[in-house]
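Reading the structure
So you can see what is in the structure, the chains are spelled out below.
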Amino acid sequence: MSDRLAVLPQYLLPKQALTLLAGRVARAHAGALTTRLIAWFVQRYRVNMAEAAQPDMASYTSFNDFFTRALKAGARPLAAAELICPVDGAISQFGRIQGQQIFQAKGHQYSSTALVGGDAALAAQFDNGHFATLYLSPRDYHRIHMPCAGRLTRMIYVPGDLFSVNPTTARGVPGLFARNERLVCVFERPNGLGAFVLVLVGATIVGSMATTWHGLVNNPRAGKVCDVRYENQCIEFDQGDEMGRFLLGSTVVMLFPPSPLQFNLAWQPGGAIRLGEAMAGLQ
């Protein structure tokens, strides 16, 4: 079956309604029912609870509490690298931005302007720069950390579709990451290294996205672009600091400006990744 045919049902499903229902279930405090749901999920997706700060499934009062669980201290040591991997998951794609075109999958590209919600001036900073698209599967740790130090300057919520973001959908839905709901976070790096963008991409049954400085961002969904500026505030992060989380899983896309950046030579599309490993360095 072709990828386009495989994703055809997603065009027909009531994705918004399914996502709202999943969000209600994930937020519910249902006692033993919640614990049974968590236990089923752990078994179904082979979640490694041994590395969780709280391995007792019965201690989580809601599925969201479990899904956004913290890790044990020291479970993800940080590599000595210019850029570290910000999440657990798998590599979708990475490499050079060709002008403004970002490679999604064979036969599919999308523009950086579309990704950031139509702001051409913001997108232009990353012309011929670098990108990395990282997919978080259901079994993964779902907090997102900083690939490098940075100061938050802007956050743009962009409403959109809620297609799944798994590899099959990435191959079958044109412009997937620039058409799904997303949260564009813009940071300024220290030492004159310029800006970078970290985009949280929503998906089917992703109940909501949250950041450490704002809390829940898209619940309820506003249906319009919301652009918040932080230039006059001092919201700073060190490399490895938590910056956000998915309440049910999705994808992260990062954009970096032109520079002599070299991605980890061991990285390959489809390869597994872990928070804190070396992602890239300056040549």
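Before any of the text, the structure's been laid out above.
Residues numbered from 1 in each chain as written. Predicted model: local features only at pLDDT ≥ 70, side-chain atom pairs only at ≥ 80, totals over all residues. Heavy atoms only, no water.

Some thoughts on the overall build of the protein
For the protein, the helix and strand inventory stands at nine helices and 18 strands. Put simply, the protein has 283 residues, and 51% of those count as buried. Long-range pairs, those at least 24 residues apart, make up 76% of the contacts in the protein with a sequence separation of at least 6. With an accessible surface of roughly 12300 Å², the protein has 55% of that area assigned to carbon and sulfur atoms. (Helix = DSSP H or I, 4+ residues; strand = E, 2+ residues; numbered from the N terminus. Buried < 20%, exposed > 50% of the residue type's maximum accessible area, 1.4 Å probe, protein only. Contact = heavy atoms within 4.5 Å. Areas by Shrake-Rupley, 256 points an atom, 1.4 Å probe, with all protein chains shown as cover.)

Considerations on the pattern of salt bridges
Applying the stated criterion to the full structure yields nine salt bridges. Glu51 serves as the salt-bridge partner of Arg76, at 2.9 Å between the closest nitrogen and oxygen. Here Glu51 lies in the loop between α4 (32-45) and α5 (63-67) and Arg76 lies in the loop between α5 and β1 (83-84), a separation of 25 residues in the sequence. For the pair Arg76 and Glu51, one class covers both residues: buried. Notably, a salt bridge pairs Glu242 with Arg143, separated by 3.3 Å at the nearest N-O pair. On the criterion of sequence distance, the pair formed by Glu242 in strand β14 (residues 242-247) and Arg143 in strand β6 (residues 143-145) is long-range, its members being 99 residues apart. Classification of Glu242 as partly exposed rests on a relative accessible area of 21%. In the salt-bridge network here, residues are joined through shared partners; they are Asp119, Arg154, Asp227, Arg229 and Glu231. (Salt bridge = Lys/Arg side-chain N within 4 Å of Asp/Glu carboxyl O.)

Things to note about the sheet that holds strand β10 (residues 208-211)
Read from one edge of the open sheet, four strands run β6-β14-β10-β11, paired in antiparallel fashion. Both outer strands of the open sheet, β6 and β11 (215-216), are each paired with one neighbouring strand and no more. Inspection of the sheet shows β6 paired to β14 by three bridges, in the antiparallel sense. Across the sheet, residue His145 finds its bridge partner in β14, namely Glu242. (Pairing = 2+ DSSP bridges.)

Description of the packing of aromatic side chains
Tallied over the entire structure, the rule returns 19 aromatic pairs. Ring centres 5.8 Å apart and planes at 80° place the aromatic pair Phe41 and Phe66 in the edge-to-face group. Taken together, the residues Phe41 in helix α4 and Phe66 in helix α5 connect sequence positions 25 residues apart. The interplanar angle of 75° and the centroid separation of 5.9 Å between the aromatic rings of Tyr60 and Phe66 together place this pair among those described as edge-to-face. (Phe/Tyr/Trp six-rings, centres within 6.5 Å; stacked < 30°, edge-to-face > 60°.)

Section: the side chain of Gln104
Checked against the element boundaries, Gln104 lands in strand β3 (residues 101-105). Residue Gln104 is classed as buried on the basis of its relative accessible area, which comes to 1%. Separated by 2.8 Å, the side chain of Gln104 and the backbone nitrogen of Leu176 make a polar contact. Here Gln104 is in contact with Ser92, Gln93, Gln109, Tyr110, Ala170, Val173, Pro174, Gly175, Leu176 and Phe177, once residues within four sequence places are set aside. (Polar contact = N/O pair within 3.5 Å; in protein donor to acceptor, adjacent residues only side chain to side chain.)

Section: the pairing of strand β7 (residues 150-158)
Taken across its nine residues, β7 has eight buried, putting it largely inside the fold. Two strands pair when backbone bridges link them, and β7 and strand β13 (residues 236-237) are joined in this way by two bridges, in the antiparallel orientation. Within β13, the residue paired with Gly150 across the bridge is Phe237. In the sheet, β7 pairs with strand β12 (residues 226-229) via four bridges, with the strands oriented antiparallel. Each residue of the ladder has a partner; that of Tyr157, found in β12, is Cys226.

Topic: the sheet that holds strand β18 (residues 278-282)
With antiparallel pairing, the three strands of this open sheet are ordered in space as β1-β18-β16. Each edge of the open sheet carries a strand with a single partner, namely β1 and β16 (261-263). For β1 and β18, the ladder comprises two bridges, and the chain directions are antiparallel. If you follow Ile84 over to β18, its bridge partner there is Ala278.

A closer look at α4
Taking 1.5 Å of rise per residue, the 14 residues of α4 would be expected to cover 20 Å, and the 20 Å separating its terminal C-alpha atoms lies within 8% of that figure. If you check which residues of α4 are buried, you get Thr34, Ile38, Phe41 and Val42. Each buried residue of α4 lies within a common arc of 100° when the element is viewed along its axis, so the set occupies one face. Opposite the buried face of α4, at more than 90 degrees from it, the exposed residues are Leu33, Arg36 and Gln43. Contact partners of the buried residues in α4: α5. The positive-phi residue at the C-terminal boundary of α4 is Arg46, with phi of around 55°. (Expected span 1.5 Å × (residues − 1). Arc of directions from axis to C-beta.)

Any link to function would need more than the numbers given here.
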